[in-house]
Amino acid sequence: MKKCILTVIFGLACLCIFTPSVIADSITDDLEKDLAVNSDLRTARTDLQDGKQFFRDANLNWEKYRDAYIDDTSEANLVEAKKYAKQLINQTIEVYDGYYLYLLTRIENIVGIDTETGDTLKSNIENEKIWLQTQRVDIAEADTVEEIEVVATDLNNYFAEKKPFLKKVIGIITSSRVNKALISLTDVKTRTANHIANLTELDKDTKTVASILTEYTEKLNQVNEKYILARDGFLSLSSTDTVDQDYTTHLNTLKEAKDLLLEADILRANIVTELIKIKASTVGGAGDLSATGEGSVLMSGELTTTVTSEQNTAVVVYDLAGDLAVESVGETAIESVGRKVTYSNFTQATITGTDYVILVTGTITEVTATGTGRAYLTGTGTYQNATGTSQSFDATNGVVYNIITS
């Protein structure tokens, strides 16, 4: 009897101390650097940390009464040993349940995991939490050393078998960081392509920035290949014998993707530099925008824009957020080619959306814009802060204007 209760419970204690601690801490490092922690996630993490401390206390009590039973195998010492063995098993269950809750909350609060994968992982975790609940019942009903041994053995076997699953979840969470960055940089690629298209229509020299964009696109494709390879590798983890080696292999692939991301980000910075060179030579101001004249206005951001014109005006729009709304007055002609939509022959058009690029060209009676974004004005005309100064400025050489509505 003594051997059973000592060997099984001690093995369980070792597993609980080391496995969740190492894995959870690795997620916490990631969290501190890359994720704005919401209250649910902070609570889950705090509860996990508290549970680990309670486990340490329970383990100390167990060791104390285990040693007392070794020295004196009296019935009184056996009762105490069983009591604290059950307490230790209960706290072990609590730590793993808290760990599962932490992973569950993390998946729910991270960008970069596709819905199907996230839902599958969450469902699997919920099933594991249900199984742990059955162990709470079993240990509560256990009275003899043999009954305690059965629960402890089941838990030890369970935790050994679940190592591939835990590594899988950690791997997917880690790979989601790369996918999150990839999504963001891909958005830059789309924006840049739209800007290049509009600047080309303005007869600007875009060869250099277009060349950088091609290299940038190739780099993002390489990142995506590495990301998919690592993600699929994590999802396929199943063997307890090779899980550590397999996990390391997929993690190294993910590190290669991260290195490529750094290279892509350098190219992104070069793209921004080239676009600045192509665009304005003068910084105009900030506030709501009001402009008039003959030429063009290139704008992007979360804006409400109204264009009033009597002749020869066209508006080209790229909807990035998918919520663009255009209301026009007059016999408006609409031409759609892919993501590009051109509006012409109107007397007035109002464009609203949370994220779009717009190019207004021709004779502009007035263009006004409110919200948050940036405008690039070229041609001959004037612009002014619609809510502040009444002074106007010559926009012949190109002007950058920050649209900021307070």
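Each remark here, short or long, concerns the structure printed above.
Reference entry: report on the structure contained in this document. Every value quoted in this text rests on a predicted model; they were computed, and no experiment measured them. (Residues numbered from 1 in each chain as written. Predicted model: local features only at pLDDT ≥ 70, side-chain atom pairs only at ≥ 80, totals over all residues. Heavy atoms only, no water.)

## Here's the deal with the overall build of the protein chain
Thought 1: A tally of helices and strands in the protein chain yields 8 helices and 8 strands.
Thought 2: When burial is assessed residue by residue, the protein chain has 45% of its 406 residues classed as buried.
Thought 3: Put simply, of all contacts in the protein chain between residues at least 6 apart along the chain, 82% involve residues at least 24 apart.
Thought 4: For the protein chain, the exposed surface amounts to about 19,600 Å²; the carbon and sulfur share of it is 49%. (Helix = DSSP H or I, 4+ residues; strand = E, 2+ residues; numbered from the N terminus. Buried < 20%, exposed > 50% of the residue type's maximum accessible area, 1.4 Å probe, protein only. Contact = heavy atoms within 4.5 Å. Areas by Shrake-Rupley, 256 points an atom, 1.4 Å probe, with all protein chains shown as cover.)

## Some details on the packing of helix α3 (residues 75-108) against helix α4 (residues 115-141)
Thought 1: Put simply, α3 and α4 touch, their axes get as near as 10 Å, and they point 165 degrees apart. When the interaxial angle is binned, α3 and α4 end up roughly antiparallel. In terms of crossing hand, the pair formed by α3 and α4 is left-handed.
Thought 2: Tallied by class, residues from the contact of α3 with α4 come to 13 nonpolar, 3 polar and 9 charged. (Axes fitted to C-alpha atoms, helices over the stretch in contact; angles between N-to-C directions. Parallel < 35°, antiparallel > 145°, perpendicular 65-115°, else oblique. Left-handed = near helix turned anticlockwise from the far one by under 90°. Nonpolar A, V, L, I, M, F, W, Y, C, P; charged D, E, K, R; others polar.)

## Description of the environment of Ile278
Thought 1: Looking at the secondary structure, you find Ile278 in helix α8 (residues 243-278).
Thought 2: In sequence terms Ile278 and Thr206 are 72 residues apart; their C-alpha atoms lie 7.6 Å from each other.
Thought 3: Discounting chain neighbours no more than four positions away, the residues touching Ile278 are Leu199, Lys204, Asp205, Thr206, Val209 and Tyr376.

## Observations concerning the nonpolar core
Thought 1: Ranked by size, the top nonpolar core spans 74 residues in total, and within it Ile89, Leu103, Ile125, Leu132, Val169 and Tyr216 carry the most contacts.
Thought 2: Considering every element that reaches this core, the biggest residue donor is α3, with 14 residues.
Thought 3: Aside from chain neighbours lying at most four places away, what touches Val169 is Leu103, Ile107, Leu121 and Ile125.
Thought 4: Of all hydrophobic cores here, the second largest spans 26 residues; its members include Tyr383, Ala395, Val399 and Ile403. (Core = buried A, V, L, I, M, F, W, Y, C linked by side-chain atoms within 4.5 Å.)

## Details of the pattern of salt bridges
Thought 1: Under the defined criterion, the tally for this structure stands at 16 salt bridges.
Thought 2: Across the salt bridge formed by Lys219 and Glu263, the nearest N and O atoms sit 2.8 Å from each other. Placement of the pair is Lys219 in helix α7 (residues 207-235) and Glu263 in helix α8, with a sequence separation of 44 residues.
Thought 3: Here the salt bridges do not stand alone but share partners, grouping Glu94, Asp97, Lys129 and Arg136 into one network. (Salt bridge = Lys/Arg side-chain N within 4 Å of Asp/Glu carboxyl O.)

## Observations regarding the pairing of strand β5 (residues 333-337)
Thought 1: β5 sits mainly on the outside: 0 of its 5 residues count as buried.
Thought 2: Of the strand pairs in this sheet, β5 and strand β6 (residues 340-344) are connected by 5 bridges, and their pairing is antiparallel. By the bridge assignment, Ala333 is partnered in β6 with Ser344.
Thought 3: Here β5 hands over to β6 after 2 residues, with Gly338 in that stretch at a positive phi of 65 degrees. (Pairing = 2+ DSSP bridges.)

## Quick notes on the packing of α7 against α8
Thought 1: At a minimum axis distance of 8 Å, the contact between α7 and α8 shows a crossing angle of 160 degrees. What the angle tells us is that α7 and α8 run roughly antiparallel. In the crossing of α7 with α8, the sense of the turn from one axis to the other is left-handed.
Thought 2: By residue class, the composition of the contact of α7 with α8 is 21 nonpolar, 6 polar and 7 charged.

## Concerning the side chain of Ser300
Thought 1: With respect to the helices, strands and loops of the structure, Ser300 is situated in strand β2 (residues 289-308).
Thought 2: Judged by relative accessible area, Ser300 falls into the buried class, the value being 18%.

## Description of unusual backbone geometry
Thought 1: The phi dihedral of Asp203 falls on the positive side, at around 65 degrees, and the residue is not glycine.
Thought 2: Locating Asp203 in the fold gives a position in the loop between α6 (163-201) and α7.
Thought 3: In the Ramachandran plot, Asn345 falls in the positive-phi region, its phi being about 65 degrees despite a non-glycine side chain.
Thought 4: Here Asn345 lies in the loop between β6 and β7 (348-385).

## Some details on the environment of Thr208
Thought 1: For Thr208, the position within the fold is in helix α7.
Thought 2: When the C-alpha atoms of Thr208 and Ile271 are compared, they prove to be 8.9 Å apart, with 63 residues separating the residues in sequence.

## Comments concerning a negative patch on the surface
Thought 1: A contiguous patch of negative charge on the surface is contributed by Asp138, Glu141, Asp143, Glu146, Glu147 and Asp154.
Thought 2: Secondary-structure elements contributing two or more residues to the negative patch are α4 and α5 (145-161).
Thought 3: Tracing the chain through its elements places Glu147 in helix α5. (Patch = residues over 30% accessible without salt bridge, like charges linked within 9 Å, V, L, I, M, F, W, Y side chains within 5 Å. Lys, Arg positive; Asp, Glu negative; His and termini not counted. Charge placed at Lys NZ, Arg CZ, Asp CG, Glu CD.)

## Focus: the packing of aromatic side chains
Thought 1: In the structure shown here, the tally under the stated rule is 6 aromatic pairs.
Thought 2: Here the aromatic rings of Tyr96 and Phe159 are separated by 3.9 Å at their centres, their planes lie at 15 degrees, and the arrangement is stacked. Residue Tyr96 is found in helix α3, and its partner Phe159 is found in helix α5; the two are separated by 63 residues along the sequence.
Thought 3: Its relative accessible area of 5% is what places Phe159 among the buried residues.
Thought 4: Judged by centre distance (5.3 Å) and plane angle (65 degrees), the ring pair of Tyr158 and Phe159 falls under edge-to-face.
Thought 5: By relative accessible area, which is 6% here, Tyr158 ends up buried.
Thought 6: Clustering of aromatic rings is evident, with ring pairs tying together Tyr96, Trp131, Tyr158 and Phe159.
Thought 7: Positioned above the aromatic ring of Tyr247 is the side chain of Lys167, whose terminal nitrogen or guanidinium carbon lies 4.3 Å from the ring centre. (Phe/Tyr/Trp six-rings, centres within 6.5 Å; stacked < 30°, edge-to-face > 60°. Lys NZ or Arg CZ within 6 Å of the ring centre and 35° of its normal.)

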